[in-house]
Amino acid sequence: MSMRFSELTGKQKAAILLITLGPDVSAKVFRHLREDEIEDLTLEIAALPRVEPEYKDMIMSEFHELCLASEYISQGGIEYAKEVLEKALGADRAHEVITKLTASLQVRPFDFARKADPGQLLNFIQNEHPQTIALIMAYLQPEQAGIILSALPAERQADVARRLATLDRTSPDVLREIEGTLERKLSSFMIQDFTAAGGLETTVEVLNRVDRVTERTIMDTLEEEDPELADEIRKRMFMFEDIVKLDDRAIQQVIREVDTRDWALALKTASEDVSARIYKNMSKRAADMLKEDIEYMGPVRLRDVEEAQQRIVSTIRRLEETGEIIISRGGEDEIIV
């Protein structure tokens, strides 16, 4: 029995969208989701009733509209997005899309700060309480936050990084108070709800953009003060897709250290860029054999693929720790040796 379109829940629409996008694209989407989100969507996909073909087109159209609205908001704010969407979709549909987007994705505070120069922000916030600095950094672009974290006094860096990693939810009143002191050009648009920012992923993105000395100073301090947190951050410091940032000599060394079975699993869902770099640094015979292994492997669990990718990442981190390879950092002119 099929359901009416108006009866579909958000999760069901997401499940239908993934089915419509196909397994290859969906696998890439899953890599950006939490494990609990993946499990929820997998259950939704398995439990879906019969879906009318036209629903797939309607959901794709709805998703496209939300993507456009999100892009317009990032370019010029809500009013700009509303103006463009009204011209494209009409006033009623534009209002509906904007409302749905702000209710589900939430327009982030400190929009003006993300457009500001990091040096100016640093001058303004460097004497603030570490918790305030961490909260502001949570809403900045990782590149901006990395510059600010690197420039803070060494004795404050680990404290701010720890607070950033353990940020959970902040009340709108606190956000308004802090944002009000920073605001230069425009007022923010916020949902009357608790907004989430910071956390491990934000901390990792920031640390991946600071210089190596700063990273080691922060991680050594966290290792002493909170070993579990340091371990969680370290696990996420280098992502599998970041292999493309290594030079050919480093990739060749990693290839020698990793079992062929792990490469076959890891490349099962890898991007074309990653696969091309790996094959490029193998002999033609080895590359052909690996491609055959992947072709004849058949369906595999996403979890097995992710575990293989994590083992490769662990190998890369080990080689970096022993000084056998160097991972280039944002803003540095390091050479892989």
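Residues numbered from 1 in each chain as written. Predicted model: local features only at pLDDT ≥ 70, side-chain atom pairs only at ≥ 80, totals over all residues. Heavy atoms only, no water.

Engineer: So what's going on with the overall build of the protein? Which residues, and what values?
Structural biologist: Looking only at helices and strands, the protein has 19 helices and two strands in total. For the protein, buried positions account for 42% of its 337 residues. Put simply, 75% of the contacts in the protein that link residues at least 6 apart link residues at least 24 apart. Roughly 18,700 Å² of accessible area belongs to the protein as shown, and the carbon and sulfur atoms make up 51% of that amount. (Helix = DSSP H or I, 4+ residues; strand = E, 2+ residues; numbered from the N terminus. Buried < 20%, exposed > 50% of the residue type's maximum accessible area, 1.4 Å probe, protein only. Contact = heavy atoms within 4.5 Å. Areas by Shrake-Rupley, 256 points an atom, 1.4 Å probe, with all protein chains shown as cover.)

Engineer: Give a description of the confidence of the model for the protein that names residues and reports values.
Structural biologist: Of all residues in the protein, 75% have pLDDT values of 70 or greater, and the mean over the chain is 76. Within the model, the stretch residues 184-196 combines pLDDT values under 50 with 34 contacts to residues more than four positions away or in other chains. With pLDDT under 50 throughout, residues 330-337 is counted as low confidence; its partners more than four residues away or in other chains account for 18 contacts. (pLDDT = per-residue confidence, 0-100.)

Engineer: Please give an account of the packing of helix α10 (residues 154-165) against helix α12 (residues 199-207) that cites residues and values.
Structural biologist: Packed helices, taken two at a time, are described by their axes: the angle between them and the distance between them. Remark: α10 packs on α12, axes separated minimally by 7 Å, with the N-to-C direction vectors making an angle of 140 degrees. In this structure, α10 contributes A161, L164 and A165 to the contact, and α12 contributes G199, L200, T202, T203 and V206. Considered class by class, the residues forming the contact of α10 with α12 number five nonpolar, three polar and no charged. (Axes fitted to C-alpha atoms, helices over the stretch in contact; angles between N-to-C directions. Nonpolar A, V, L, I, M, F, W, Y, C, P; charged D, E, K, R; others polar.)

Engineer: So what about the nonpolar core? Which residues, and what values?
Structural biologist: By size, the foremost hydrophobic cluster in this structure holds 33 residues, and its most contacted members are M137, L149 and I233. Looking at this core, the elements that each hand over two or more residues are α7 (118-125), α8 (130-138), α9 (142-151), α10, α11 (172-182), α12, α13 (212-225) and α14 (227-236). The dominant element in this core, judged by the number of residues it contributes, is α8, at six residues. Apart from the residues lying within four places of it in its own chain, the contact partners of M137 are A145, I148, L149, V160, L164 and V206. Grouped together as the second largest cluster of nonpolar side chains are 30 residues, I255, V258, Y279 and V313 included. (Core = buried A, V, L, I, M, F, W, Y, C linked by side-chain atoms within 4.5 Å.)

Engineer: Please provide a residue-by-residue account of the packing of aromatic side chains, values included.
Structural biologist: A ring pair, where both rings are aromatic, is described by two values, the distance of the centres and the angle of the planes. On inspection of all chains with the given rule, the structure shows zero aromatic pairs. The ring of Y279 carries the charged tip of K291 above its face, separated from the ring centre by 4.7 Å. (Phe/Tyr/Trp six-rings, centres within 6.5 Å; stacked < 30°, edge-to-face > 60°. Lys NZ or Arg CZ within 6 Å of the ring centre and 35° of its normal.)

Engineer: Describe the pattern of salt bridges, and please don't skip the residues or the numbers.
Structural biologist: One pass over the structure, following the stated rule, counts 11 salt bridges. In this structure, R301 and D304 form a salt bridge, with 3.0 Å as the shortest nitrogen-oxygen distance. According to the relative accessible area criterion, D304 is partly exposed, its value standing at 24%. Shared partners join several salt bridges into a network, and the residues in it are D159, R162, R163 and E225. (Salt bridge = Lys/Arg side-chain N within 4 Å of Asp/Glu carboxyl O.)

Engineer: Requested: an account of the environment of F30, with residues and values cited.
Structural biologist: Mapped onto the secondary structure, F30 falls in helix α2 (residues 23-30). The class for F30 is buried, based on a relative accessible area of 12%. With 272 residues separating them in the primary sequence, F30 and L302 have C-alpha atoms 8.8 Å apart.

Engineer: Pulling in residues and values, what's your account of the side chain of R163?
Structural biologist: Assignment of secondary structure puts R163 in helix α10. At a separation of 3.0 Å, a polar atom in the side chain of R163 contacts the side chain of D159. The contacts of R163, once residues within four sequence positions are left out, are H129, P130, Q131 and A134. (Polar contact = N/O pair within 3.5 Å; in protein donor to acceptor, adjacent residues only side chain to side chain.)

Engineer: With reference to specific residues and values, describe the side chain of D262.
Structural biologist: Its location among the elements puts D262 in helix α16 (residues 260-266). Among all residues touching D262, those that are not within four sequence positions of it are A308, R311 and I312.

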